Amino acid sequence: MVAAMNARNTKVMNRFDVTSRLVRRLTHEEAVIGGIGNTNFDLWAAGHRPQNFYMLGSMGLAFPLALGVALAQPQRRVVALEGDGSLLMQLGCLTTIATLAPGNLTMVVMDNGSYQITGGQATPAAGVADLIAVALGCGISGSAWAADEEDFERLIDQALAASAPRLIGVRVDDKPGVGATRRDPVQIRERFMIGLGVRQGL
Ligand SMILES: Cc1ncc(C[n+]2csc(CCOP(=O)(O)OP(=O)(O)O)c2C)c(N)n1
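Residues numbered from 1 in each chain as written. Predicted model: local features only at pLDDT ≥ 70, side-chain atom pairs only at ≥ 80, totals over all residues. Heavy atoms only, no water.

So, about the site of the ligand. Neighbouring the ligand are 16 residues, the closest being Gly85, Ser86, Ser114, Gln116 and Ile117. Isoleucine 117 is positioned such that a nitrogen or oxygen atom in its backbone is 2.9 Å from an oxygen atom of the ligand. Compared with its free state, where it exposes 590 Å², the ligand has 73% of that area covered by protein. Where the shell around the ligand is concerned, the elements lending two or more residues are α4 (84–89) and β5 (114–115). Sorting elements by how many residues they give to the shell around the ligand places α4 first, with 4 residues. Among the residues forming the shell around the ligand, the class breakdown is 5 nonpolar, 9 polar and 2 charged. (Near = heavy atom within 4 Å. Polar contact = N/O pair within 3.5 Å; in protein donor to acceptor, adjacent residues only side chain to side chain. Areas by Shrake-Rupley, 256 points an atom, 1.4 Å probe, with all protein chains shown as cover. Helix = DSSP H or I, 4+ residues; strand = E, 2+ residues; numbered from the N terminus. Nonpolar A, V, L, I, M, F, W, Y, C, P; charged D, E, K, R; others polar.)

Let us now look at the nonpolar core. Judged by nonpolar contacts, the single largest core of 54 residues is most densely connected at Ile33, Phe63, Met107, Phe152, Ile168 and Val170. When near neighbours in sequence (up to four residues on either side) are disregarded, isoleucine 168 contacts Thr106, Met107, Val108, Val109, Ile132, Ala144, Ala146, Phe152, Leu155, Ile156 and Ala159. (Core = buried A, V, L, I, M, F, W, Y, C linked by side-chain atoms within 4.5 Å. Buried < 20%, exposed > 50% of the residue type's maximum accessible area, 1.4 Å probe, protein only. Contact = heavy atoms within 4.5 Å.)

Our next topic: the packing of helix α1 (residues 15–24) against helix α7 (residues 149–160). One can describe the packing of α1 onto α7 by two numbers: an axis separation of 10 Å at closest approach and a directional angle of 35 degrees. Taken as a pair, α1 and α7 cross one another with a handedness that is right-handed. Here α1 contributes Asp17, Val18, Arg21 and Leu22 to the contact with α7, which in turn contributes Glu149, Phe152, Glu153 and Ile156. Here the contact of α1 with α7 is composed, by residue class, of 4 nonpolar, no polar and 4 charged. (Axes fitted to C-alpha atoms, helices over the stretch in contact; angles between N-to-C directions. Left-handed = near helix turned anticlockwise from the far one by under 90°.)

Counted under the stated rule, the structure contains 2 aromatic pairs. Judged by centre distance (5.6 Å) and plane angle (75 degrees), the rings of tryptophan 44 and tyrosine 54 are edge-to-face. One end of the pair, tryptophan 44, is in helix α2 (residues 38–45); the other, tyrosine 54, is in strand β2 (residues 52–54), with 10 residues separating them in the sequence. (Phe/Tyr/Trp six-rings, centres within 6.5 Å; stacked < 30°, edge-to-face > 60°.)

As structure tokens, then:
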């Protein structure tokens, strides 16, 4: 049963492929927040959208930032992508998200069991820690590991129609991110605010 599945029972997928599958399912100008490094690189490579935000430099801030967007724009669906190492650095955000429970927030953790971009050091998620069990324990019910790509798409469709936040866990391989965003925080912020309709374009 999917809900009882742990990370060890799941297929190891590819982050760029999974990210591309996610982006192809977006049809309502959903906001998507990519986390530091690989999650935002692959989000960029999957095809830039005006509603994409690419976190630079701050581990673990994709979910908190997405929480803010979800609360500010309750009519818009918000998706956040984060690496396991980054989520582990900011685990407390899951309790805040469970407490505020925005129904329009979907989170995806791309779990490669390592701090890949800084040299592949193992994270606790490679060993004893199960991030979906953590999310469920924090009160984010409905969170689940994706068994394979098809299951991931099914979980995304369910989450995008849900009325409570969810975390979807995806075990991914160690392939590097495919693209690279320009390291220009002001441009990233301005583009995003225009994409969300809260600032006029130039
Ligand atoms: C507070 C802090 N410590 C360390 C770093 C350096 N750093 C940047 S990305 C990263 C690893 C991110 O790991 P993960 O989120 O699992 O993503 P992956 O690289 O595996 O895709 C580290 C250690 C940082 N940016 N901020």
